[in-house]
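Survey of secondary and tertiary structure
Chain residues, written in single-letter form:
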Amino acid sequence: MKAAIRKVAVFVEETHTEMDRKIAPPTRRAAAVAVIENPFAGKYTEDLSDLMTIGEELGELLTTKAVAALGIPANTVESYGKAAAVGENGELEHAAAILHPKLGAPARRVLGKGAALIPSNKKRGGLGVVLDIPLGHKDAAFVRSHFDGMEVRLNDAPRANEIMVAVAVTDSGRPLPRVGGLTKDQIKGEDGLR
Amino acid sequence: MPEVRIRKRLTVLEEIFHEGGPVVTTPLKRAAALAIIHNPYAAKYVPDIAGFMDDLKPLGLSLAKTLVDVLGGDPKTIEGYGKGAIVGSSGEIEHGALWHVPGGYAMREVLGGAKAIVASTKKVGGPGTRLDVPITHINASYVRSHFDAMEVGLNDAPRADELLLALVMTTGPRIHARVGGLKASEIKGEDGLR
C-alpha cells in the first residue's frame, strides 16, 4: 500500500428518537477516517499522482470499513459522502488529488452501485479540525430526504505533515424527513440525479 | 422509576498503527460507546435520584457489549477502560455521577470481573462539548503504560435536557509507551492497584 497510515477511526451513529418521536428502525450512518502521511508536505510538487493512487487505496479501505461498521449488505447503503482535511504543511490540492480522480471507483465497486456524484468537501486545518462530510443519495442526487451531513473529528489529527481522509455511508436519510422533493421510491437511478 | 429514553448512540473505533515510531502490525485499538439519553431530572432539583442508577444498568451492559464487539469480540483482549458523562445545561453535575455505578458495573460484568477502579470524568456542557475520558489498566491502576485518554463528543449533544454517557475500552498500552513504571506483566491483580 502506498498510503502510510498512522491511524484509522470508524464512527457509527444511530438516531433512536428525534423530538421525542421514535425512529424505528433507527437511522444509522458510519464514517471511516484514515490519518495518513502527506508525501508532499512542505513543498510544491507538480505531479500529484501518488496521492491519486492513495485515494484509490483509501476508497476501497474506508468504504469497506464504514459498511462493515453498519453491518449491512453493501448494496443496501443509501447515501454517501467523502471529505479530507490537509495538515498545515500541505496544500488544498493534495486533498483534491486524493478525493476526486480515483477514490470513487473502488468505493462504488464495494457498494455495487453509486450512480450519483459523491458529495465532498475539503479544508486545511490543524489538530482537531472538524470535517462536515456532506451526504447524498448514492444513486440519485436529488433525493431530498437524504441531503445530510455527518461531523467527524479526531483530536490528534491532522498533524502538519498529515492528511485526514473520510468516507461516510448510511442506511437511511434524515430521521424525520418532511420537506418534500424527490423520494427514494421514485428514483430511476440511471443518470445519478433522479 | 423514570425510563431510559435513548435519542442517539455513537460508537467510535480507533486503530493506531504508529505515532512517529515503529509501525506495529497489530494496531492498538481504542473504542468508545456513547448514548445520548433524556435527563429525567433536568430543570429542577430532585432530591432522590439514586434509583435511576438501576434503570441505567441495561444501557451500561449494552454499551459495554458493543465495545467488546467492535474491539474484536473477545473480552480477554481488553486491557484498559474508562467512563465519563456530559450533563446538558439544564442538569447538574450530580446527574452525571449517576453513571459511576451502572457504567462500572457493566464493564466489570462483561470483562469477567476487572479489578481496578474505573477511571472517570464528567462535566456540564452544551452540544459539541468534548470529554477526555481517562483510561487505566483494568486490573491494576498503577500500570503506567496504560494511562491514556480518549476524546469523545457529538456535535448535536447533549441538548439541555439530555445526558451523554460514555464507556471506553482499549486493547493495550499507548502505542509507543516507554516511560517506565509498573508493567502489565508485573501486576498481581489482587487489590486493583498493582
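Provided above is the structure to which this section pertains.
Computed from a predicted structure; not experimentally measured. All residue numbers refer to position in the chain's written sequence, counted from 1. Lettering of chains starts at A and numbering of ligands starts at 1, both following the order in which they are written. The model is predicted, so local features are restricted to residues of pLDDT at least 70 and side-chain atom pairs to those at 80 or more, both for listing and for counting; the totals for chains, interfaces and linings are taken over all residues. Here the side-chain values reflect all heavy atoms present in the structure, with hydrogen atoms and water set aside.

**Things to note about the overall build of chain B**
Put simply, DSSP marks the helices as runs of H or I at least four residues long and the strands as runs of E at least two long, and each gets a number from the N terminus on. When helices and strands are counted, chain B shows four helices and seven strands. Just to be clear, the radius of gyration here is over C-alpha atoms, and the globule rule we use is 2.2 Å times residues to the power 0.38. Taken against the 2.2 N^0.38 rule, which gives 16 Å for 194 residues, the C-alpha radius of gyration of chain B at 17 Å falls within 12% of a compact globule. Residue burial in chain B is summarised as follows: out of 194 residues, 53% are buried. For this analysis, residues touch if any pair of their heavy atoms sits within 4.5 Å. Contacts spanning at least 24 positions in sequence make up 76% of the contacts within chain B whose residues lie at least 6 apart. For chain B, the accessible surface area stands at approximately 8200 Å², while carbon and sulfur atoms represent 53% of it. Counted charges follow a simple rule, with Lys and Arg positive, Asp and Glu negative, and His plus the chain ends left uncounted. Every charge is mapped onto a representative atom, which is NZ of Lys, CZ of Arg, CG of Asp or CD of Glu. Positive and negative side-chain charges in chain B, numbering 23 and 22 respectively, have mean positions lying 3 Å apart. Burial here depends on accessible area, computed with a 1.4 Å probe over protein chains only, as a share of the maximum for the residue type. Under 20% is buried, over 50% is exposed, and the range in between is partly exposed. Areas reported as accessible are Shrake-Rupley estimates using a 1.4 Å probe. Residue values count occlusion only from the protein chains shown.

**Examining the overall build of chain A**
Along its length, chain A carries three helices and seven strands. Helices and strands in chain A line up, N terminus first, as β-β-α-β-α-α-β-β-β-β. Taken against the 2.2 N^0.38 rule, which gives 16 Å for 194 residues, the C-alpha radius of gyration of chain A at 17 Å falls within 12% of a compact globule. With respect to the principal axes defined by its C-alpha atoms, chain A has extents near 50 × 35 × 25 Å. Per-residue burial for chain A yields a buried fraction of 53% across its 194 residues. Residue pairs at least 24 apart in sequence account for 77% of intrachain contacts in chain A once pairs closer than 6 positions are excluded. Accessible area of chain A: about 8300 Å², with a carbon and sulfur share of 51%. On chain A, the mean spot of the 26 positive side-chain charges and the mean spot of the 25 negative ones are 4 Å from each other.

**Section: the pattern of salt bridges**
In the sections that follow, a salt bridge refers to a side-chain nitrogen of Lys or Arg positioned within 4 Å of a carboxyl oxygen of Asp or Glu. Within this structure, the stated rule accounts for 22 salt bridges over all chains. Between K7(A) and E14(B) there is a salt bridge; the shortest N-O distance is 2.8 Å. Pair noted here: K7(A) is in strand 1 (residues 5-18) and E14(B) is in strand 1 (residues 6-16), and the two residues belong to different chains. Like K7(A), the residue E14(B) is buried in the burial classification. Among the ionic pairs, E13(A) bridges to R29(A), the shortest N-O distance being 3.2 Å. Within this pair, whereas E13(A) is found in strand 1, its partner R29(A) is found in strand 2 (residues 21-37), the two being separated by 16 residues in sequence. Judged on exposure class, the residue E13(A) and its partner R29(A) are both buried. Linked through salt bridges whose partners overlap, the residues forming this network are R6(A), K7(A), D156(A), E162(A), E14(B), R30(B) and D148(B).

**Quick word on the interface of chain A and chain B**
On the chain B side, the residues contacting the 23 residues of chain A number 21 residues. Of the roughly 2000 Å² buried between chain A and chain B on both sides combined, carbon and sulfur atoms contribute 42%. Area buried by chain A at its contact with chain B is led by R6(A), E13(A) and R153(A), which between them contribute 22% of it. Here R153(A) ties to E151(B) by a salt bridge, and the two come within 2.1 Å at their closest N and O atoms. Once two parts are put together, the accessible area they lose, assessed with a 1.4 Å probe and summed over both, is termed the buried area.

**Considering unusual backbone geometry**
Keep in mind that most residues, glycine aside, have a negative phi and that most peptide bonds are trans. A cis amide bond links A157(A) with the next residue in sequence, P158(A), at an omega value of -5°. In the segment running from A157(B) into P158(B), the intervening peptide bond is cis, with an omega of -5°. With respect to the helices and strands, the residue P158(B) is situated in the loop between strand 6 (148-152) and strand 7 (162-170). Its identity is not glycine, yet M19(A) carries a phi of approximately 50°, on the positive side. The topology assignment puts M19(A) in the loop between strand 1 and strand 2.

**Some points on helix 2 (residues 92-99) of chain A**
All names here are of chain A. Counting buried residues in helix 2 gives six out of eight residues, a clear majority hidden from the surface. Buried within helix 2 are the following residues: H94, A95, A96, A97, I98 and L99. For helix 2, the elements touching its buried residues are strand 2, helix 1 (49-70), strand 3 (79-86), strand 4 (120-124) and strand 7 (162-170).

**Some details on the packing of helix 1 of chain A against helix 2 of chain A**
Residues and elements named next belong to chain A. A fitted line through C-alpha atoms serves as each axis, taken over the contacting stretch for helices, and the angle formed by two N-to-C directions is quoted from 0 to 180°. Relative to each other, helix 1 and helix 2 sit at 50°, their axes nearing to 6 Å. Between helix 1 and helix 2, the interaxial angle falls into the category oblique. Judged by the twist between their axes, the crossing of helix 1 over helix 2 is right-handed. Two secondary-structure elements touch here, helix 1 through L51, M52, I54 and G55 and helix 2 through H94, A97 and I98. Roughly parallel means an angle under 35 degrees; roughly antiparallel means over 145; roughly perpendicular covers 65 to 115; every other angle is labelled oblique. Crossing handedness: left-handed means the near helix sits turned counterclockwise from the far one by under a right angle, and right-handed means the same turn made clockwise.

**Overview of the packing of aromatic side chains**
Here a Phe, Tyr or Trp ring, Trp counted by its six-membered ring, pairs with any other such ring whose centre lies within 6.5 Å, and the pair is stacked when the planes are under 30 degrees apart, edge-to-face when over 60, and tilted otherwise. One pass over the structure, following the stated rule, counts one aromatic pair over all chains. Judged by centre distance (5.8 Å) and plane angle (85°), the ring pair of Y41(B) and F52(B) falls under edge-to-face. You can see Y41(B) sitting in the loop between strand 2 (28-38) and helix 1 (52-55) and its partner F52(B) sitting in helix 1, a full 11 residues away along the chain. Neither residue differs from the other here; Y41(B) and F52(B) are each classed as buried. A ring is considered to have a charge above it if a Lys NZ or an Arg CZ atom is located within 6 Å of its centre and within 35 degrees of its normal. Over the ring of F142(A) we find R194(A); its NZ or CZ atom is 4.2 Å from the centre of that ring.

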